[in-house]
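Per-entry structural report
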Amino acid sequence: MNVLVVGGAGYIGSHCVRQLTAAGHRPVVIDNLVFGHRRAVAPDVPFYDVNLGDESAVGKILVDEKIDLVMHFAAYAYVGESVHDPLKYYFNNVVATLGLLRVMLAKGVKKFVFSSTCATYGIPEKMPLVETMPQSPINPYGQTKLDVENALKALALAHGLSFSAFRYFNAAGAAEDGAIGEDHDPETHLIPLAIDAATGKRPPLQVFGIDYPTPDGTCLRDYVHVDDLSRAHIAVFEKLEKPGTALFYNLGTGTPTSVREVINAVGKVTGKKVPYTEGPRRAGDPPALYADSSKAKNELGWKVKFDTIESIVETAWRWHSANPDGFGKRK
Ligand code: UFG
């Protein structure tokens, strides 16, 4: 299939582009390079430096490249920033996405794969999370993702759009061959910060809260390898053949891992001590978030290849040790 990957130069999008190529599809990337890296996309993949909200440019690409399906990864994803600057999140994550959907429908492209998030569940009452549990986001970031999920349902009914929304848990790791990896600016994610603390590139890690009601007092999260995530996006394609299909899947390994366990894994894999201090809780962090991904496993035949935190951290370490400055300059 000819697949337009919106945000294909970003962290998850760029890994998905490589998995698409490996699976015999033809990815085409659009990315405005605000957060993406040109170097994260192979030179032989068609690349357009375009905003997803630019309906006339996107419409032309849909037609010229004979696109069959669109994957959308181009959202802002800093929870804290979304609380302080909600309009930025509503305009990019909702308004621009609606523009993308409008031009897709106008051009007759009716298959869509959407990056959603476990942040749509808010602070869940029960764990692990299944797709049918109530969604009640506690920040604008999660709300914008839920708003798009709801718009997609309406478009499936009204216009026969077929879509799958994947609710990611904690995307982590890097390509197995070390070619691409995680390079955010600013970086807020635990694994790259712990690696950088271990190598001395950044100051000691601050552990956000040691008094949670969890076995070791730190938060539990479900770290899932970025290539495992990507493979689920491709496994869903055949289900989208039927017009009006509306699918939602959690994607996580189902294994809760604490902040301390991540620190230990980074220490073990890198062979270096991870310097850290114990600090107060970070606002808005739920104590535990982990997935029941049986639905993706049963319906898509999805299998997690990287099923331990060490195996995920190993791939991240391969990328970070070979690329201490990430991709370098953005353009
Ligand atoms: N953490 C620290 N110190 C740090 C950074 C993180 O202790 O310097 C802790 C956090 O408190 C959390 C865990 O490490 O318990 C993981 O934090 P990340 O920032 O790596 O990831 P989050 O779980 O906060 O965020 C993820 C996704 C978001 C999504 C969110 C939903 O990256 O996109 O889950 O809650 F919105």
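Along every chain, residues carry numbers that run from 1 in the direction the sequence is written. pLDDT decides what is reported in this predicted model: residues at 70 or higher carry local features, side-chain atom pairs at 80 or more are listed and counted, and totals for whole chains, interfaces and linings draw on all residues regardless.

1. Some thoughts on the environment of Lys60
In this fold, Lys60 is placed in helix H2 (residues 55-64). Given 15 C-beta atoms within a 10 Å radius, Lys60 is considered partly exposed. C-alpha of Lys60 to C-alpha of Val103: the two residues are 43 residues apart in sequence and 9.6 Å apart in space. Only DSSP runs of H or I with at least four residues qualify as helices, and only runs of E with at least two residues qualify as strands; both kinds are numbered from the N terminus onward. Each residue is classed by its C-beta neighbour count within 10 Å, where at least 20 other C-beta atoms makes it buried, 12 or fewer makes it exposed, and intermediate counts make it partly exposed; the C-beta atoms are placed from backbone geometry.

2. Let's talk about the sheet that holds strand E5 (residues 111-117)
Sheets are built from strands paired through backbone hydrogen bonds, the pairs being either parallel or antiparallel. Read across the sheet, 7 strands follow the order E3-E2-E1-E4-E5-E6-E11 without closing on themselves; strand pairing throughout is parallel. Each having just a single partner strand, strand E3 (47-48) and strand E11 (246-251) make up the two edges of the open sheet. In this description, strands pair whenever DSSP reports at least two bridges between them. The pairing of E5 with strand E6 (residues 162-168) spans 7 bridges and is classified as parallel. For Ser115, the partnering residue across the bridge sits in E6 and is Phe166. Any pair of residues counts as being in contact when their C-beta atoms, constructed from backbone geometry, are within 7 Å of one another. Here an angle of 0 to 180 degrees is reported between the N-to-C directions of two axes, which are lines fitted to C-alpha atoms, with helices fitted over the stretch in contact. The sheet contacts of H2 involve strand E1 (2-6), strand E2 (26-30) and E3, and relative to E2 the element is tilted by about 165°. The sheet strands contacting helix H5 (residues 140-159) are E5, E6 and E11, and the helix crosses E5 at an angle near 155°.

3. Overview of the packing of helix H1 (residues 11-22) against helix H7 (residues 226-235)
It is the contact of H1 with H7, at a shortest axis distance of 9 Å, that shows an interaxial angle of 60°. If you check the angle between H1 and H7, you find them oblique. By crossing handedness, the relation of H1 to H7 is classed as right-handed. Each of Tyr11, Ile12, His15, Cys16, Gln19 and Leu20 in H1 lies in contact with H7, whose residues at this interface are Val226, Asp227, Leu229, Ser230, Arg231, His233 and Ile234. Between 65 and 115 degrees an angle is taken as roughly perpendicular, under 35 as roughly parallel, over 145 as roughly antiparallel, and anywhere else as oblique. Crossings are assigned a handedness: left-handed for a near helix turned anticlockwise from the far helix by less than a right angle, right-handed for a clockwise turn.

4. Notes on the site of the ligand
What makes a residue near a molecule or strand is its C-beta atom, placed from the backbone, lying within 6 Å of it. Every one of the 21 residues lining the ligand counts as a neighbour, but Ala119, His189, Leu190, Phe208 and Cys219 are closest to it. Of all the elements in the fold, those that place two or more residues in the shell around the ligand are helix H6 (190-199) and strand E8 (205-208). Of the residues forming the shell around the ligand, the biggest block, 4 residues, is contributed by E8. Its residues placed into classes, the shell around the ligand shows 13 nonpolar, 5 polar and 3 charged. By the convention adopted, Pro, Cys, Tyr, Trp, Phe, Met, Ile, Leu, Val and Ala count as nonpolar, Lys, Arg, Asp and Glu as charged, and the other residues, Gly among them, as polar.

5. Notes on the UniProt feature "domain: NAD-dependent epimerase/dehydratase" (unreviewed entry) in the protein chain
UniProt positions are given in the numbering used here, feature names are shortened, and annotations may be inferred rather than shown by experiment. Under the UniProt annotation, "domain: NAD-dependent epimerase/dehydratase" (unreviewed entry) lies at residues 3-252. Between the end C-alpha atoms of residues 3-252 there is a gap of 24 Å, over a span that is 36% helix and 19% strand.

6. Examining the pairing of E11
For E11, a buried count of 5 out of 6 residues is recorded, marking the element as mostly surrounded by other parts of the structure. Of the pairings in the sheet, the one linking E6 to E11 comprises 6 bridges and is parallel in character. Residue pairing in the sheet places Ser164 in a bridge with Leu247 of E11.

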